[in-house]
Amino acid sequence: MSGAVSTDDLVAWIRAFRDAVREHRDDLTALDSAIGDADHGSNMARGLDAVVAKLETTPASAPDLFKTVGMTLVSSVGGASGPLYGTFFLRMGPPLSDSVDAASLGAALRAGVDGVVARGKAEPGDKTMIDAQLPAVAAWDDAVDGGADAADAATAAAEAAARGRDATEPLVARKGRASYLGERSAGHIDPGAASSALLFQALSDTLAARR
Ligand code: ADP
Ligand code: MG
């Protein structure tokens, strides 16, 4: 198998993310009920169902795919996570061209996370989704520098995202709804970091399955 990642692979990733969010919807909502308003699972599931409905028509290219995903999330998910995940995907498209490989997909993921940071103005350690996303893209880049293909880079990224998710537990939230709780936000995993770990795990699973 060549190192290329097809548009079909990327569509499969988005579907796998939707499936994972559905499977974990109640867990995500339980995390958000501890430090937010108990809607992260339903927000994400609703948005991703709308995305998958749009994907009945196969997108012509990776940039088209991510534009559709991003615009659909922005318009169908209320709350903080809709615009943030929407921005993530909207920023992923432009760096990509027709042929996607480990390096270009890494650059697109990096652009996506940079978009979340620009939009949400969170810093690492603020107990947000970027605490899973930033380590994930760093691990991706390290893996590619070491010669990894996209599937291996995605595995490294998924492991880093999961560690980043777990590391949000002791943190005090400084952004988003959870920050209203102050010190009481400590002791719970951030829901957006948990859904972001699912995002990278879905990519890893999808790219591993096509080997
Ligand atoms: P809401 O907080 O509006 O109810 P969700 O529950 O769907 O929206 O999403 C909450 C998640 O959004 C948080 O767990 C956190 O990861 C993320 N989040 C909130 N504000 C920010 C921000 N400014 N920057 C990055 N992520 C944020
Ligand atoms: Mg919420």
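Preceding block: the structure.
Computed from a predicted model, the values in this text were never measured in an experiment.

(A) Examining the overall build of the protein more closely. Helices and strands together make up the secondary structure of the protein, namely nine helices and zero strands. In the protein, the order of α-helices and β-strands from amino to carboxyl end is α-α-α-α-α-α-α-α-α. Taking 2.2 N^0.38 as the reference for a compact globule, 211 residues should give roughly 17 Å; the C-alpha atoms of the protein span a radius of gyration of 16 Å, in line with that estimate. Principal-axis analysis of the C-alpha atoms places the extent of the protein at approximately 50 × 35 × 30 Å. Counting across all 211 residues of the protein, residues that qualify as buried make up 49%. Within the protein, contacts between residues separated by at least 24 positions form 70% of all contacts whose residues are at least 6 apart in sequence. Accessible surface, the protein: about 8,900 Å² in total, of which carbon and sulfur atoms supply 51%.

(B) Examining the side chain of Asp 126 more closely. Along the chain, the position of Asp 126 falls in the loop between helix H6 (102–120) and helix H7 (130–145). Side-chain polar atoms of Asp 126 contact the backbone nitrogen of Glu 123, separated by 2.8 Å. Polar contacts involving the side chain of Asp 126 include one to the side chain of Arg 174, which spans 2.7 Å. Apart from residues no more than four positions distant in its own chain, Asp 126 is found in contact with Asp 131, Val 172, Ala 173, Arg 174 and Lys 175.

(C) Seen up close, the site of ligand 1. In the vicinity of ligand 1, 20 residues are found, and the nearest of them are Asn 43, Ala 80, Ser 81, Gly 120 and Asp 190. At 2.9 Å from an oxygen atom of ligand 1 is found a side-chain nitrogen or oxygen belonging to His 40. Burial of ligand 1 by the surrounding chains reaches 93%, relative to a free accessible area of 560 Å². For ligand 1, the cavity whose grid points lie within 2 Å of the majority of its atoms is the largest pocket. Of all the secondary-structure elements, those providing two or more residues to the shell around ligand 1 are helix H3 (40–54), helix H5 (81–92) and helix H9 (191–209). The element best represented in the shell around ligand 1 is H9, accounting for three residues. A per-class count over the shell around ligand 1 returns six nonpolar, eight polar and six charged.

(D) Highlighting H7. Along its 16 residues, H7 runs 22 Å from first to last C-alpha, staying within 8% of the 22 Å computed at 1.5 Å per residue. Among the residues of H7, those classed as buried are Ile 130, Asp 131, Ala 132, Gln 133, Ala 136, Val 137, Ala 139, Trp 140 and Ala 143. Tucked into the core, H7 has its buried residues touching H5, H6, helix H8 (150–167) and H9. In the segment just after H7, Gly 147 is the residue with positive phi, at about 95°.

(E) Structural view of the coordination of the magnesium ion (ligand 2). Listed as protein donors to the magnesium ion (ligand 2) are Asp 32 (OD), Asp 37 (OD) and Asp 39 (OD); their distances from the metal cover 2.0 to 2.2 Å. Owing to a relative accessible area of 22%, Asp 39 belongs among the partly exposed residues under this scheme.

(F) Highlighting the pattern of salt bridges. Enumeration according to the criterion identifies eight salt bridges in this entry. Between Arg 22 and Asp 49 there is a salt bridge; the shortest N-O distance is 3.2 Å. With Arg 22 in helix H1 (residues 7–23) and Asp 49 in helix H3, the pair connects residues that are 27 residues apart, well separated along the chain. By relative accessible area, Arg 22 is classed as partly exposed at 41%. Arg 174 serves as the salt-bridge partner of Asp 126, at 2.7 Å between the closest nitrogen and oxygen. Of this pair, Asp 126 sits in the loop between H6 and H7 while Arg 174 sits in the loop between H8 and H9, and the two are 48 residues apart along the sequence. For Asp 126, a relative accessible area of 6% puts it in the buried group.

Calculation notes
Residues numbered from 1 in each chain as written. Chains lettered and ligands numbered in written order. Predicted model: local features only at pLDDT ≥ 70, side-chain atom pairs only at ≥ 80, totals over all residues. Heavy atoms only, no water. Helix = DSSP H or I, 4+ residues; strand = E, 2+ residues; numbered from the N terminus. Rg over C-alpha atoms; globule rule 2.2 N^0.38 Å. Buried < 20%, exposed > 50% of the residue type's maximum accessible area, 1.4 Å probe, protein only. Contact = heavy atoms within 4.5 Å. Areas by Shrake-Rupley, 256 points an atom, 1.4 Å probe, with all protein chains shown as cover. Polar contact = N/O pair within 3.5 Å; in protein donor to acceptor, adjacent residues only side chain to side chain. Near = heavy atom within 4 Å. 1 Å grid on protein atoms, 1.4 Å probe; cavity = no way out; pocket = protein on both sides within 12 Å on 5 of 7 lines; lining within 4 Å. Sits in = over half its atoms within 2 Å of the grid points. Nonpolar A, V, L, I, M, F, W, Y, C, P; charged D, E, K, R; others polar. Expected span 1.5 Å × (residues − 1). Donors = N, O, S within 2.8 Å, 3.2 Å for Na, K, Ca; no water. Salt bridge = Lys/Arg side-chain N within 4 Å of Asp/Glu carboxyl O.

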